[in-house]
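Architecture at a glance
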Amino acid sequence: MKKLVKPSAVKGTVQAPASKSVAQRAIALATLAEGQSIIYNAGNSNDCLAAIDTCKKLGAHIVGDGSKLTITGGPKSPNDTLHCGESGLSIRMFAAIASIFNTPVTLTGSGSLTNRPMNMVTDGLAQLGVRCTTNNGKLPITVQGPIQGGYITVDGSQSSQALTGLLMASPFAQNDVTIKVDNLNSKPYIDLTIETMKAFGVRVDELPGNTYRIAVNQKYKASNFNVEGDWSGAAFMLVAGAIAGEVEVININPKSLQADRAIVEALLSAGASLSIRENSIVAKRANLKAFDFDARNCPDLFPPLVALAANCNGQSKILGVNRLHGKESDRALTLQQEFGKMGVKIELVGNLMVVNGTSIKSAITYSHGDHRIAMACAVAALSANGDVEIENAEAVNKSYPNFFDDLYKMQVDNF
Ligand SMILES: O=C(O)C1=C[C@@H](OP(=O)(O)O)[C@@H](O)[C@H](O)C1
Ligand SMILES: C=C(OP(=O)(O)O)C(=O)O
């Protein structure tokens, strides 16, 4: 599917989509809890649907829709392969969860997920006594529990998602589990995991030096849970407001633990005008100046930050390029390529991305099957000197199915 974005000002209010990170965690934990949980506002992103499908195979009875899911949990050994769609979080989280059974379980996925690394999943699980195999570090993964437990050390430099899975599965181990994490990146995502586990009745003790201990014999409790709006999706709309008019994003918690809440700091350092309210945030156009930003803990902000930086006067520097290779596309390179088509020069210097602000040109861009590349190109298009086409725009369904409708309804006139 192709989408065309005409240059224009924007004005209006949009509702942030459901956070797929929060929704997937809650659906998984409701599956691990005996009894009935209700998950409100899980949304209808493809990643959320992949988690629902996987949890049904793990024994959960799930009815309802994105506004209200009723989940009757109590995990059972699946008799079928688990398909996690294109979701990195789902496959890495459910590989650990599938290790609570003593029968072999195979997990696989589709699209970009088939090229993404899975070694971080098996590294931790193998140390906990789980038998695991992958296809040379890629999908499919097969795991066979039980999880024995004990003290392990894992490397968190590539991804935090496997650690999320280990933490969630640990209450089912035969002994207490202590995990020391070297080089932990994306730490806010681990804080989110721990907060969600707490909401389902399981405690993780945080020890000094990025070390986490989970006492065995804790049981998840069924719970009613409300999924927050997504800061990652909201970030695109806030950048749209900052470069092209005025946007209010509602259904967003300014005190959320979500990593991508850090978009607020980046927008402020670029000189955008922001009003932060109890459940919403307004971003308004201002004279934007180049900014420096450390995105190692919030790698998903790179695409909206590049759209922002392209509209700033001067050279912006964003740290954390090394985190981008294993995403839905090799994001540093795809941003360089697609923004290059719009006349924006991006240099990659080790772990640093340097974005040269400029006037954006009309172009035909391509998402590379990556939702965040499609959304970044669409937002950058607002200030272009002509139309920008986005090929393979349906990629947005992975996290924000209403993205184009929301953007179009806020376009008001020529820029
Ligand atoms: O736990 C999560 O929900 C996520 C963690 C991050 O991945 P990494 O930990 O691999 O950086 C992020 O990029 C991804 O979109 C979602
Ligand atoms: C990388 C992402 O998700 P995941 O790793 O869960 O596929 C993302 O949403 O940008």
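Residues numbered from 1 in each chain as written. Chains lettered and ligands numbered in written order. Predicted model: local features only at pLDDT ≥ 70, side-chain atom pairs only at ≥ 80, totals over all residues.

Attention now goes to the site of ligand 1. Neighbouring ligand 1 are the residues Ser-21, Leu-89, Ser-159, Ser-160, Gln-161, Thr-164, Ser-186, Tyr-189, Pro-299, Asp-300 and Arg-323. For the shell around ligand 1, the class distribution of residues is 3 nonpolar, 6 polar and 2 charged. (Near = placed C-beta within 6 Å. Nonpolar A, V, L, I, M, F, W, Y, C, P; charged D, E, K, R; others polar.)

Further remarks concern the sheet that holds strand β4 (residues 61-65). Taking strand neighbours across the sheet as the criterion, the 4 strands line up as β4-β5-β3-β14 in an open arrangement whose pairing is mixed. Bordering the open sheet on either side are β4 and β14 (224-226), each of which pairs with just one other strand. Across the sheet, the mean angle from the axis of one strand to that of its neighbour is 15°, orientation sign disregarded. The pairing of β4 with strand β5 (residues 68-73) spans 5 bridges and is classified as antiparallel. The partner of Ile-62 across the bridge, within β5, is Ile-71. (Pairing = 2+ DSSP bridges. Helix = DSSP H or I, 4+ residues; strand = E, 2+ residues; numbered from the N terminus. Axes fitted to C-alpha atoms, helices over the stretch in contact; angles between N-to-C directions.)

Here we come to the nonpolar core. As a rule of thumb, soluble globular proteins bury nonpolar side chains together. In terms of nonpolar packing, the biggest core is built from 144 residues, with Ile-27, Ile-97, Leu-238, Ala-240, Val-306, Val-379 and Ala-380 touching the most fellow members. By residue number, the principal contributor to this core is helix α7 (residues 231-244), which donates 11 residues. The residues contacting Ala-380, other than those within four sequence positions of it, are Ala-307, Ala-310, Phe-339, Met-342 and Ile-360. (Core = buried A, V, L, I, M, F, W, Y, C linked by C-beta atoms within 7 Å. Buried ≥ 20, exposed ≤ 12 C-beta atoms within 10 Å, placed from the backbone. Contact = placed C-beta atoms within 7 Å.)

Structurally, Cys-312 is set in the loop between α9 (302-310) and β19 (315-319). By C-beta crowding, Cys-312 is classed as buried, having 23 other C-beta atoms within 10 Å.

Here we come to helix α12 (residues 403-410). Within the span of α12, buried status applies to Phe-403, Phe-404, Asp-406, Leu-407 and Met-410. Seen end-on, α12 carries its buried residues on one side only, within an arc spanning 160°. (Arc of directions from axis to C-beta.)

This part covers the confidence of the model for the protein chain. Within the protein chain, residue pLDDT values average 97, and 100% of them lie at 70 or more. Confidence estimates for the predicted assembly give a pTM of 0.98 and an ipTM of 0.99. (pLDDT = per-residue confidence, 0-100.)

On to the site of ligand 2. Every residue lining ligand 2 is accounted for by Ser-87, Gly-88, Leu-89, Asp-300, Lys-327, Glu-328, Arg-372 and Ser-399. A class-by-class count of the residues in the shell around ligand 2 yields 1 nonpolar, 3 polar and 4 charged.

In terms of residue burial, α9 counts as a mostly covered element, since 9 of its 9 residues are buried. What α9 keeps buried is the set Phe-302, Pro-303, Pro-304, Leu-305, Val-306, Ala-307, Leu-308, Ala-309 and Ala-310.

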